[in-house]
Amino acid sequence: MSGPATVPAPDRSEAAPDVASVRDRVEARVQRSLRSRTVTWMTVGFATILVMTAIALGAFVYQQRGIDAVRHTVAVDGRLARVLSAVQDAETGQRGYLLTGDEAFLLPFTEGRLNVDRQLDWLRDLVQDDADQRAELDTLAALIREKLDELGASVALMRGGDSAAAHTSVADGRGKQVMDAIRDRVRRMETYEADRMERRQATVSRIALVLWIMVGALAVLFVLFAVSALREATRRNRLSRFLPQELVLRLADGDGSLKAGRRQQAAIVFVDMRGSTTLAENLDPHRLSEFLSAFRRRVTRLARLRGGVVDKFIGDGALVVFGLPEPRSDDAARALAFAQDLVAVIARWTDRAGPTGTVRIGVGVHYGEVFCGIIGEEARYEFTVLGDAVNVAARLEQATKLHGVPILVSEAARRAAGAPVEAWREVSREPLRGRRERMAYHTPAGPGPAAPAPCGDEDVPLPAAGTAV
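Residues numbered from 1 in each chain as written. Predicted model: local features only at pLDDT ≥ 70, side-chain atom pairs only at ≥ 80, totals over all residues. Heavy atoms only, no water.

> Sorry, what's going on with the overall build of the chain here?
Across its full length, the chain holds 13 helices and 8 strands. When contacts within the chain are restricted to residue pairs at least 6 apart in sequence, those whose partners lie at least 24 apart make up 74%. Approximately 23,600 Å² of the chain is accessible, and the part contributed by carbon and sulfur atoms is 57%. (Helix = DSSP H or I, 4+ residues; strand = E, 2+ residues; numbered from the N terminus. Contact = heavy atoms within 4.5 Å. Areas by Shrake-Rupley, 256 points an atom, 1.4 Å probe, with all protein chains shown as cover.)

> Sorry, what's going on with helix α4 (residues 131-159) here?
For an α-helix, the turn length of 3.6 residues means that residues three or four places apart are oriented alike. Under the 1.5 Å per step criterion, the end-to-end length of α4 is 41 Å for 29 residues, consistent within 8% with the ideal 42 Å. N-cap assignment for α4: the residue whose side-chain oxygen lies 3.0 Å from the backbone N of aspartate 132 is aspartate 130. (Expected span 1.5 Å × (residues − 1). Polar contact = N/O pair within 3.5 Å; in protein donor to acceptor, adjacent residues only side chain to side chain.)

> Please explain the packing of aromatic side chains as it appears in this structure.
For the coordinates displayed, the defined rule picks out 2 aromatic pairs. Judged by centre distance (5.6 Å) and plane angle (50 degrees), the rings of phenylalanine 322 and phenylalanine 338 are tilted. Taken together, the positions of phenylalanine 322 in strand β3 (residues 317-322) and phenylalanine 338 in helix α11 (residues 331-351) put the pair 16 residues apart, joining distant regions of the chain. The two residues phenylalanine 322 and phenylalanine 338 agree in class, both being buried. (Phe/Tyr/Trp six-rings, centres within 6.5 Å; stacked < 30°, edge-to-face > 60°. Buried < 20%, exposed > 50% of the residue type's maximum accessible area, 1.4 Å probe, protein only.)

> What's the story with a nonpolar patch on the surface in this structure? I'm lost.
There is a patch of nonpolar side chains on the surface, built from Leu57, Phe60 and Val61 and spanning about 280 Å² of accessible area. Judged by its relative accessible area of 45%, phenylalanine 60 is partly exposed. (Patch = residues over 30% accessible without salt bridge, like charges linked within 9 Å, V, L, I, M, F, W, Y side chains within 5 Å. Salt bridge = Lys/Arg side-chain N within 4 Å of Asp/Glu carboxyl O.)

> What am I meant to see in the pattern of salt bridges here?
Pairing is possible between side chains of opposite charge, provided their charged atoms come close. Counted under the stated rule, the structure contains 24 salt bridges. Between aspartate 117 and arginine 145 there is a salt bridge, and its shortest N-O distance comes to 2.9 Å. With a gap of 28 residues between them, aspartate 117 in helix α3 (residues 106-127) and arginine 145 in helix α4 connect regions that are remote in the sequence. By relative accessible area, which is 34% here, arginine 145 ends up partly exposed. Arginine 429 is paired through a salt bridge with glutamate 426; the nearest N and O atoms lie 2.9 Å apart. Overall, the relative accessible area of 36% leaves glutamate 426 in the partly exposed class. Among the ionic contacts, a cluster of salt bridges with common partners joins Arg328, Asp330, Asp331 and Arg334.

> Whenever I open this one, the nonpolar core confuses me. Can you help?
Across soluble globular proteins, nonpolar side chains have a tendency to be buried as a group. Counting residues in hydrophobic clusters, the biggest one holds 36 residues, and the most contacted among them are Val269, Val271, Phe338, Ile361, Val363 and Val365. Counting only elements with at least two residues in this core, the list comes to β1 (262-273), α10 (285-305), β2 (309-314), β3, α11, β4 (361-375) and β6 (407-410). The leading source of residues in this core is α11, at 9 residues. With sequence-adjacent residues up to four places away left out, phenylalanine 338 is seen in contact with Val269, Val271, Val299, Leu302, Ala303, Arg306, Val320 and Phe322. (Core = buried A, V, L, I, M, F, W, Y, C linked by side-chain atoms within 4.5 Å.)

> What is the right way to read the packing of α10 against α11 from this model?
For any two helices packed against each other, one specifies the inter-axial angle together with the distance between the axes. Their axes nearest at 10 Å, the elements α10 and α11 cross at an angle of 145 degrees. Note on packing geometry: the crossing formed by α10 with α11 is right-handed. Residues Phe291, Ala294, Phe295, Arg298, Val299, Leu302 and Ala303 of α10 touch α11, and the partners they reach there are Phe338, Asp341, Leu342, Val345, Ile346 and Trp349. Residues of the contact of α10 with α11, tallied by class, amount to 11 nonpolar, no polar and 2 charged. (Axes fitted to C-alpha atoms, helices over the stretch in contact; angles between N-to-C directions. Left-handed = near helix turned anticlockwise from the far one by under 90°. Nonpolar A, V, L, I, M, F, W, Y, C, P; charged D, E, K, R; others polar.)

> I keep staring at the confidence of the model for the chain and nothing clicks. Help me out?
Any residue range with low pLDDT should be treated as having predicted coordinates unsuitable for detailed reading. Residues of the chain with pLDDT of at least 70 account for 75%, and the chain-wide mean is 77. Taken element by element, the predicted model of the chain shows its lowest mean pLDDT in helix α1 (residues 19-35) (52) and its highest in β6 (96). Contacts from residues 1-17, a stretch scored under 50 in pLDDT, to residues over four places away or in other chains number 40 contacts. Within the model, pLDDT remains below 50 along residues 448-469, and this stretch shows 55 contacts once partners closer than five positions in the same chain are excluded. (pLDDT = per-residue confidence, 0-100.)

> Looking at this structure, how should I read the side chain of arginine 334?
Looking at where arginine 334 falls in the secondary structure, it is placed in helix α11. The exposure class assigned to arginine 334 is buried, which follows from its relative accessible area of 4%.

> Honestly, unusual backbone geometry in this entry has me stumped. Any pointers?
For residues besides glycine, phi is generally negative; the peptide bonds are generally trans as well. Here leucine 324 and proline 325 are connected by a cis peptide whose omega angle stands at 0 degrees. Looking at the secondary structure, you find proline 325 in the loop between β3 and α11.

> Teacher, can you tell me more about the environment of valine 51 here?
With respect to the element layout, valine 51 can be found in helix α2 (residues 37-100). On the accessibility criterion, valine 51 (40% relative accessible area) is partly exposed. A sequence separation of 167 residues divides valine 51 from leucine 218, and the C-alpha atoms of the two residues are 8.1 Å apart.

> Help me understand the pairing of β2 in this model?
Walk down a regular strand and you will see the side chains alternate between the two sheet faces. Taking burial as the measure, the 6 residues of β2 include 5 buried ones, the bulk of the element. In the sheet, β2 pairs with β3 via 5 bridges, with the strands oriented antiparallel. In the sheet register, isoleucine 314 faces β3, and the bridge partner there is glycine 317. In this antiparallel pair of consecutive strands, β2 and β3, the connection spans 2 residues, and glycine 315 shows a positive phi of 65 degrees. (Pairing = 2+ DSSP bridges.)

> What am I meant to see in the environment of alanine 416 here?
Mapped onto the secondary structure, alanine 416 falls in helix α13 (residues 411-417). We classify alanine 416 as partly exposed; its relative accessible area is 31%. Aside from chain neighbours lying at most four places away, what touches alanine 416 is Ser329, Ala332 and Tyr367.

> Explain the pairing of strand β8 (residues 441-444) to me, please; I cannot follow it from the model alone.
As defined by bridge partners, β6 adjoins β8 across 2 bridges and the pair is classed as antiparallel. Within the sheet, the bridge partner assigned to valine 409 lies in β8 and is histidine 442. When strand β7 (residues 424-428) meets β8, the two strands line up antiparallel, connected through 4 bridges. Of the residues in β8, the one forming a bridge with arginine 425 is threonine 443.

Following this line, the structure appears as structure tokens:
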């Protein structure tokens, strides 16, 4: 007894379900996905990554602000130093000219005055967003202007030939006091910038620390979610080895109804391949394995397309249940459609090999109450469906050989499906083998794939050696 085979994409030649049926299955799958804990964890994990990214970006931005604060302070300090140096250069040139009368000293005097103006303009651009520093800079600029005016007046007297008046203006002037005031103002502005930088860095450091702590906490949380998701994925993968995929989500998400077992209405379909004994005798094991795998793929594809669950494969046969994980009003209708689709698909598939490759199947369908549930331990779960409805479906599949038809459907299944009477031909009302009560069962009345003559498995021709499986 083996679980469902891995299903590739359906063949283009196989029957397709109606659009409404596909839509219903898609909606059901979406609802199951929304309830899935794995999807929840993935969503939370993705949200955690986004939050971590946002916080890390915020921390980076705040760190950049701290770096910008340092750069700003360094830039202001540099401009202040250049301003002070330019004033000192102008004063040095003025002193040298007054002491020596050499006009070569006028060059540093002139350049110093010009450089002061340029440095003050650049300094204003740096402190334009800080009202306190702008006020300090205005005071500094006024002091520098006073100092430069005094230096310019003494130089003008010296160049006019009045050396005594030039020296007297220097001796009687406020040059030293103004220069001391300039140095003091520069120190105050440098101290202000340093204090401001320290405050910014402290704030940025605290905020960045908090942000990085949050990133670390979220990273730990993400790792926990990832570990939980990995464990859940491993658990589901383990469950999928023993259970139909349609039931794995329900059990993994903690749905205890299936594990506890329940009674419900369901459509039961038994499928059996004719000619399996001949196949086993005439095909080598590898070819036989390929053939049975291809057969099971087609059964599984059509079951899923019609919303059925392959309970189990039994050799060359299969038990398919319509009504899981939850019963629906059209379970019987979908079971009948699956039976007809499967017979047509298997016929087309084997007919491609030519007359010697013909293989046919028998399908029995019944609708009634069953008991379904998951038994066993987690290391070895098994899904089972029990009840008289299962036995009747199995007897109907066996009766297809006796009556020479590919499909037999009970009256209960036909009525539950709402199938029109004229679309189905009554085959018999005699009791099925091993049962006492009479019951009516039907086969499709319209044209369909040719039914095999009443025979046992040994009477079906073996597929040709070149048959694609």
